[in-house]
Amino acid sequence: MKNKTAVGLLICLALMLTLAACNPAAPSEASPGSAATTGKWQIISSGNEVLDLLVNGNEVWVATTGGVVRWNMEEGTYQRYTTLDGLASNTARKIIQDGQSNIWVASSVDGVSRFDGTSWQTFTEKDGLVSDDVITIAADNDGNVWVSAYWGVSRYDGSGWKSYKKDELDTVDVIFTDSRGNVWFSNRHDGITRYDGSRWKAFTEDDGMGLGGARAYIEDDAGNIWVGSLGDVSRYDGGKWETFHISAQIPRAYVQNIIQDSNGDIWVTAYENVVVRYDGNTWRNYTTEDGLPSNHVKLLFQDKNGVLCAVTESGLSRYEGGGWWPFTDKEMLTGEVRAVDKDAKGILWFGTLEGVIRFDGIAWQAFITEGGLSDNSVTALAEDSRHAMWFGTQDGSVSRYNNSNWMIFGPDEVQAGEYIFSLLADSRDNIWAVGHSGISRYDGIAWHVIPGAASFIGDSLTSVFEDSSGNVWLGAVDGVSRFDGSSWKTFNAADGLENSSVTDIAQDSKGNLWFAGDKICRFDGTDWLAFTTGEMIHAILPGKDGDVWFVTKDRGVLHYSDAAKLIEPLPDELPFQPWLGGTLLDSQGNLWMATFYTESGGLHRYDGDKWGTFTPDEGLAGYQVSGLIEDKQENIWAITDKGVSYFDGTSWHTFTTKDGLASNHVNCLMEDSSGNLWFGTEGGVSYYSK
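Residues numbered from 1 in each chain as written. Predicted model: local features only at pLDDT ≥ 70, side-chain atom pairs only at ≥ 80, totals over all residues. Heavy atoms only, no water.

J.: In this structure, what is going on with a negative patch on the surface? I would like to understand it.
T.: On the surface, Asp-190, Glu-205, Asp-206 and Asp-207 cluster together into a patch of negative charge. Mapped onto the elements, Asp-207 comes out in the loop between β18 (200-203) and β19 (216-219). Taking relative accessible area as the criterion, Asp-207 reaches 35% and is therefore assigned partly exposed. (Patch = residues over 30% accessible without salt bridge, like charges linked within 9 Å, V, L, I, M, F, W, Y side chains within 5 Å. Areas by Shrake-Rupley, 256 points an atom, 1.4 Å probe, with all protein chains shown as cover. Salt bridge = Lys/Arg side-chain N within 4 Å of Asp/Glu carboxyl O. Lys, Arg positive; Asp, Glu negative; His and termini not counted. Charge placed at Lys NZ, Arg CZ, Asp CG, Glu CD. Helix = DSSP H or I, 4+ residues; strand = E, 2+ residues; numbered from the N terminus. Buried < 20%, exposed > 50% of the residue type's maximum accessible area, 1.4 Å probe, protein only.)

So, in structure tokens, the structure goes:
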């Protein structure tokens, strides 16, 4: 049977999960629960999607969605660090330097990592962190490193961690250190908290602060602390608070950034479309009428001459003479700037979604790492007949990778929408890409958009499948269409396809095609036969001797016996609701069902007699199992939100970022023709060679 892709499942996963070309390295020594194996991990990711950056002497450290990049400014060279080098995750969200010159990186759900100049060390809950779900990280004046996470904050003093769990420290979004050595913590929901080294003090509206939690801090030249919150800006002089209600003048002003310019004025950006200045007496709002290229200002910074500058969604701007002007005559940046820093010479460094850009006051220079992924959130995988790998990503791009050679097709070329749910490499060397807003076919020369509702497949594409004759079938809400390599033919109720919608397509061992939906229809190439079940079918699993299994949306499994020509329910009731997770019928005839809820989650196997359940207690990486395959050695592989596991028939073995996985958040998996396992993750592509 040829390739099949379940679009509906991937669409659900996109909603629920939202959601470096480096030297190969062997997995680290297996820890408890990890897989001890002789295999080798490799990672493919881009170091150009910048989330944060840090200028440190003649180096620029860059936190990206594909690991950490260490640029040497003088030589123009770089070094990449990924999970293979000891990072907690390839998704590095925040990067800082402590008082001992160590580099610290915060991930989102895998803890924090420290680089001591030689190697990386990762810290998690097991080492004393309050939680692995890290929000931000900062260093104070005493050499301590503070990490905020859900349910509290943790402090590292150079030898160990101490955690603080308080109501007012439940969810800290920002950590700020003032010149007096106080550490300030913003509370997402209400007020802020100050730690002076021995005592904690919480401030709320009752103390004169603004409404809600704080999102921005600065300390001005006089030592006052300014805090931005929901519609308000508050100033603390060490004794009392004074609050300015800018939302009274500018509705829906949710403060994002605060900065003081060289004249001592306070500037505030707020969501949405707000930039205001306080000159000590009054507040004034600035818009495109004052010269800004856009009202949506994302960041404020000062250049080497102290001139205030703004990053907007339409480019850079500078403030001079009471108005806003273009930053330079030869603009190189847009609003995709995530971070700005300035080195000792006043040179500006910008972290963008496409790499690092330097501006020395005269010329622009781009620093781009090698590699072909335009987005490290990899959502679809395929292998073509020439053994090249294809990667679909969240931004709607498709990349082709073959022996380190890349071809990149951006969203404007593919034209399938922002999220590539699935890829199909058919036997005629076409590549089919299914995205959020359509489907496109690449014929080796160009991409061709398949006309959707205006022609033959309806508004909602549900499945793409290639049969044993090389025909490609598209399933939709109002029928199916078949592409034979040159032309299309549509089948619907008038032709004998009685399904009001098609949710899945498969071919059995005798060559019959099955179409699932509110009914089950079989097509033998000439005639259609319909079966009424009263259940919406979620997935089709062909077995041996023409038998087929049907997974219903919420009421169990049906079995078609070709010998009896009957469809009957599985005799034993399911111990769970088979919703959203992956399904598999293995080579031994075992039925595998994955669920997605923590309460009833895990992986369930039916051996023809009874159901058995596997959870993390039995060695599975996580409860939320989103995909399954069986490899050539008959191992069962399961991808979860906590890593990857495989079952060898006796026990489970797990791989995580500690072993070389690019991210524990895995979106898709496949086995190539050589037996290598490929995993599309939120931190790039990982592949495991046995």
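J.: Before we go on, may I ask you to explain the pairing of strand β28 (residues 308-312) in this structure?
T.: Sheet faces and side chains relate simply in a regular strand, where the side chains alternate between the two faces. With five of five residues buried, β28 lies mostly within the body of the structure. Sheet analysis places strand β27 (residues 297-302) next to β28, joined by five bridges and oriented antiparallel. For Gln-302, the partnering residue across the bridge sits in β28 and is Leu-308. Counted between consecutive antiparallel strands, the loop separating β27 from β28 contains five residues, among which Gly-306 sits at a positive phi close to 80 degrees. Here four bridges tie β28 to strand β29 (residues 315-320), and the two strands are oriented antiparallel to one another. (Pairing = 2+ DSSP bridges.)

J.: What is the right way to read the pattern of salt bridges from this model?
T.: Where charged atoms of side chains with opposite charge meet at close range, the side chains can pair. Tallying each qualifying case throughout the model produces 14 salt bridges. In this structure, the salt-bridge partner of Glu-59 is Arg-70, at a minimum N-O distance of 3.0 Å. Taken together, the residues span a long stretch of sequence, with Glu-59 in strand β4 (residues 59-64) and Arg-70 in strand β5 (residues 67-72) at a distance of 11 residues. Residue class for Arg-70 comes out partly exposed when judged on its relative accessible area of 21%. Linking Arg-235 and Glu-242 is a salt bridge whose minimum nitrogen-to-oxygen distance equals 2.5 Å.

J.: In this structure, what is going on with the packing of aromatic side chains? I would like to understand it.
T.: Describing an aromatic ring pair means giving the distance of the ring centres and the angle of the ring planes. Going through the model one piece at a time under the given rule, you end up with 88 aromatic pairs. With a centroid separation of 5.9 Å and 70 degrees between ring planes, the pair formed by Trp-184 and Tyr-236 is classed as edge-to-face. Separated by 52 residues along the polypeptide, Trp-184 in strand β16 (residues 183-187) and Tyr-236 in strand β21 (residues 233-236) bring together distant segments of the chain. In terms of burial, Trp-184 and Tyr-236 fall into one category: buried. Ring centres 4.9 Å apart and planes at 55 degrees place the aromatic pair Trp-514 and Tyr-560 in the tilted group. Linking Trp-514 in strand β48 (residues 513-517) with Tyr-560 in strand β53 (residues 557-561), this pair joins segments that are 46 residues apart in sequence. Given a relative accessible area of 0%, Trp-514 falls into the buried group. Just above the ring of Trp-432 sits the side chain of Arg-441; from NZ or CZ to the centre is 5.9 Å. If you follow Lys-489 out to its NZ or CZ, it ends over the ring of Phe-491, 5.1 Å from the centre. (Phe/Tyr/Trp six-rings, centres within 6.5 Å; stacked < 30°, edge-to-face > 60°. Lys NZ or Arg CZ within 6 Å of the ring centre and 35° of its normal.)

J.: Would you mind showing me how to read the environment of Gly-111 here?
T.: Here Gly-111 is to be found in the loop between β8 (103-106) and β9 (112-115). On the basis of relative accessibility, which here comes to 0%, the residue Gly-111 falls in the buried class. In this structure, the C-alpha to C-alpha distance between Gly-111 and Ala-88, residues 23 residues apart in sequence, is 6.3 Å. Other than its neighbours up to four places away in sequence, Gly-111 contacts Ala-88, Ala-106, Phe-123, Leu-129, Asp-132 and Val-134. (Contact = heavy atoms within 4.5 Å.)

J.: In this structure, what is going on with the pairing of strand β7 (residues 94-97)? I would like to understand it.
T.: Direction of pairing for β7 relative to β8: antiparallel, over a ladder of four bridges. Each residue of the ladder has a partner; that of Gln-97, found in β8, is Ile-103. Hairpin connection, β7 to β8: the antiparallel pair is bridged by five residues, and Ser-101 has positive phi, about 70 degrees.

J.: Any chance you could explain unusual backbone geometry here in plain terms?
T.: Excluding glycine, residues mostly carry a negative phi; peptide bonds, for their part, are mostly trans. Within the chain, Ser-101 stands out as a residue other than glycine whose phi angle is a positive 70 degrees. Judged by its relative accessible area of 48%, Ser-101 falls in the partly exposed class. Unlike most non-glycine residues, Trp-151 shows phi in positive territory, near 85 degrees. Turning to its location among the elements, Trp-151 is positioned in the loop between β12 (145-149) and β13 (152-156).

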